[in-house]
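# Observations on chain architecture
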Amino acid sequence: MSRTNDASQSSSTGLAVEELRRDNPDLLGALVVDGRGAIRAADATTTGVVEAAVALVVPARELLDRVAAELGCGAIKSFVLEGDRASMAFADIDGSSTAIVIGNNGSAPGALRSDALNLSERVGRRGGMAS
Amino acid sequence: MIELALIGSALGSAALAAATTAWVSRGPRLRAEKRLTELESELTRERSSTRRKLTELGLVHARTTGRLRSALGLPPSASGLEPMSARKLPQALRERLEGLIEVDAVVVADASGLAWTREESRSDHALAAASAAVLASRVAGQGPRVVHVELADARHVVICPIPGSEPAMALAVASTSRPASAFAIDAALAYAAEARLHVSTDPTEPDPLVGHALGQARASSALGPQLIAELERESSHAGVGMLAIGVGDDIVAARGSDGPSVADLSALYLELRTLMDRIAHRMGGRVRRLDWSSSGGSTASAVSVGPTGRSLLIGASRAGKLDVGSFDRLAGRLRRLLPNEGSRGAQPRDEARHA
């Protein structure tokens, strides 16, 4: 099992990601991406899953922000993408940064969303994106 | 002639004997007939008295039911009600419960961990996710009737699967310092059953937590005899059916005369451990104690023996939750026996309890 650790893992954001993944077998990975698409912290069982998520999260976030605004939903707090092989949950941190968790097949969507909101809250509370 | 005389004498004797017997038995028969008549009239009186009592009981039952329904905030009669849709029920249930008691958060969530109630507090999503873990929990194929969790920071979470809900949903209530009132939760669940026109049925399956004796004390470690001695000492006066202690994924000692079967004991231990880990993760705090109550009315309780969380003491009892004091005392003694659990000492809250 390979393991990807961002250079900023020692930061508070990295700690929040690590804490979330600890003793949580449902999660394949967790990461925090800022508005420019830079990884602030990542911890995953495989490298590929993080790379794929990072490549898509910024355009997906932009698209969903626009859709939410056009439909009058207001600012996005979270969204869940439930697939038949894996699921992902995204949660806004500060209006531009996003907390992402990737769950394995069969993980409860609500639990994934809760993890994403927890990560977002922890990173926001610790001021993890201030750097 | 003599023969005829003998025959005549015999016939006369028989007639005399018959007449005598009739005369003698007539008295008891008359008394018996009289007694029979008395008994029949007594029976008639009893029948009419019983009918009157039944009518009175029916009236008392109707009055009591009416008072209870009124106390629970239910309409006087269930007849003529339209079933509430699964979409409306969760919010209505939450409002009903919040009208009865003051708690930190109430959530109705489904098995995927998504809340069906509006998210009003920051912990709502965590409660919803914890509800999914409880809904997935099984011991011998049976789900719990209610799960109560006490966290190390004095928060309490009570999660009850809602009987007859479709899709499967659970009511989760978070409070501080004490668990939410069982009466209020039962009232809310009664309201849910009423709203969905669900008729509860008596459990027909055997209770997985009780009914079996551990024939021989089980011990799979060098500490086994000492641990079993402690378990025996405590179980003799704590009123528990079974006590067991596990380290990691294995039970190291177990003792009891009325607990789960040997096959179910390991499954119960692992289920309680997994549930404690999941709820701790969801609620963001260490679980101090977890009570898993079956639909049959018995309860299995689990408490972390030491600060590492590796050792777990579990017990099962027919009479509801296990006594907190006895459980804590035993956990304290076991903590000193188990390696890696005693060195860091008890938590401040535990110390306060022991004092």
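Residues numbered from 1 in each chain as written. Chains lettered and ligands numbered in written order. Predicted model: local features only at pLDDT ≥ 70, side-chain atom pairs only at ≥ 80, totals over all residues. Heavy atoms only, no water.

### Observations concerning the overall build of chain A
Let me state the cut-off plainly: Helical segments are the DSSP runs of H or I of at least four residues, strand segments are the runs of E of at least two, and each set is numbered from the N terminus. Each residue is assigned to one of three classes by its accessible area relative to the maximum for its type, calculated with a 1.4 Å probe on protein chains only: buried under 20%, partly exposed between the two thresholds, exposed over 50%. We call two residues contacting when some pair of their heavy atoms lies within 4.5 Å.
Check the secondary structure of chain A and you find three helices and six strands. The N-to-C order of helical and strand elements in chain A reads β-α-β-β-α-β-β-β-α. Counting only residues that meet the buried cut, chain A has 47% of its 131 residues in that class. Look at the contacts in chain A between residues 6 or more apart in sequence, and 57% of them connect residues 24 or more apart.

### Considerations on the packing of helix α3 (residues 124–136) of chain B against helix α6 (residues 262–283) of chain B
Residue and element names in this part refer to chain B. Applicable threshold: Lines fitted to C-alpha atoms define the axes, with helix axes restricted to the stretch in contact, and inter-axis angles between N-to-C directions lie between 0 and 180 degrees. When describing relative orientation, an angle under 35 degrees is termed roughly parallel and one over 145 degrees roughly antiparallel, while 65 to 115 degrees is termed roughly perpendicular and anything else oblique. Polar here means any residue other than Ala, Val, Leu, Ile, Met, Phe, Trp, Tyr, Cys and Pro, which are nonpolar, and Asp, Glu, Lys and Arg, which are charged; Gly is therefore polar.
Where α3 meets α6, the axes come as close as 8 Å, and the angle between the chain directions of the two elements is 170°. Here α3 is positioned roughly antiparallel relative to α6, judged by the angle of their axes. Contact residues: Ala126, Leu127, Ala129, Ala130, Ala133 and Val134 in α3; Leu275, Arg278, Ile279, Arg282 and Met283 in α6. A per-class count over the contact of α3 with α6 returns nine nonpolar, no polar and two charged.

### Concerning the interface of chain B and chain A
Definition in use: Buried area is calculated as the accessible area (1.4 Å probe) missing from two parts once they are joined, with the contributions of both summed. We count a salt bridge whenever a side-chain nitrogen from Lys or Arg sits within 4 Å of a carboxyl oxygen from Asp or Glu. Polar contact criterion, stated in full: a pair of N or O atoms within 3.5 Å, where within protein one must be able to donate a hydrogen and the other to accept it, and residues adjacent in sequence count only if both atoms are side-chain atoms.
Opposite the 11 residues of chain B that make contact, chain A presents 13 residues. For the pair chain B and chain A, the two sides together bury roughly 1,100 Å², of which 45% comes from carbon and sulfur. Broken down residue by residue, the surface that chain B buries against chain A is led by B:His125, B:His281 and B:Arg282, which jointly contribute 50%. Run the count over chain B and chain A and you get two salt bridges. The tally of links between chain B and chain A comes to six residue pairs in polar contact (both at pLDDT 80 or more). The set of elements that each furnish at least two residues to the side of chain B that touches chain A consists of α3 and α6 of chain B. Tallying contributions element by element places α3(B) first for the side of chain B that touches chain A, with three residues. Residues that form the side of chain B that touches chain A fall into these classes: four nonpolar, four polar and three charged.

### Side note on the nonpolar core
All names here are of chain B. Just so we agree on the cut-off: Throughout this description, the term nonpolar core refers to a set of buried Ala, Val, Leu, Ile, Met, Phe, Trp, Tyr and Cys residues connected via side-chain atoms within 4.5 Å.
Grouped together as the largest cluster of nonpolar side chains are 43 residues, with contacts concentrated most on Ile279, Leu290 and Ile314. At nine residues, the largest contribution of residues to this core is made by α6. In this view, Ile314 contacts Met242, Leu243, Ala244, Leu265, Leu268, Tyr269, Leu272, Ser301, Ala302 and Phe327; residues no more than four positions away in its chain are not counted. Counting 23 residues, the second-largest nonpolar core is a separate cluster that includes Leu89, Met169, Leu171 and Ala180.

### Concerning the confidence of the model for chain B
All names here are of chain B. Test applied: pLDDT gives the predictor's per-residue confidence on a scale running from 0 to 100.
Averaged over all residues, the pLDDT of chain B equals 80, while 77% of them reach at least 70. For chain B, per-element mean pLDDT is lowest for helix α8 (residues 348–354), which scores 38, and highest for strand β3 (residues 155–161), which scores 95. Per the prediction output, this complex has pTM 0.71; the corresponding ipTM is 0.71.

### What about a nonpolar patch on the surface?
Residue and element names in this part refer to chain A. Just so we agree on the cut-off: Within this analysis, patches are made of residues with over 30% relative accessible area and no salt bridge. Like charges are joined at 9 Å or less; nonpolar side chains (Val, Leu, Ile, Met, Phe, Trp, Tyr) at 5 Å or less. Every accessible area reported is derived by Shrake-Rupley at a probe size of 1.4 Å, with residue values counting cover from the shown protein chains alone.
A grouping of Leu63, Val67 and Leu71 is seen on the molecular surface, where their side chains present a nonpolar patch of about 280 Å² in accessible area. With respect to the element layout, Val67 can be found in helix α2 (residues 47–70). Judged by relative accessible area, Val67 falls into the partly exposed class, the value being 35%.

### Re the pairing of strand β4 (residues 78–82) of chain A
Cut-off, in case you're wondering: Being paired, for any two strands, means DSSP has found at least two bridges between them.
Relative to strand β5 (residues 87–92) of chain A, β4(A) runs antiparallel, the two being bridged by five bridges. Note that in β5(A) the partner of A:Phe79 across the bridge is A:Phe90.

### A few points about unusual backbone geometry
Residues and elements named next belong to chain B. Geometrically, the link from Glu166 to Pro167 is a cis peptide bond, its omega value of 5° lying close to zero. In this structure, Pro167 sits in the loop between β3 and β4 (169–176). Positioned with a positive phi, Ala154 is a non-glycine residue whose angle comes to about 75°. As for its placement among the helices and strands, Ala154 is situated in the loop between β2 (146–151) and β3. Residue Ala154 is classed as buried on the basis of its relative accessible area of 15%. Located in the positive-phi region is Ser177, a residue other than glycine, with phi close to 75°. We classify Ser177 as exposed; its relative accessible area is 54%.

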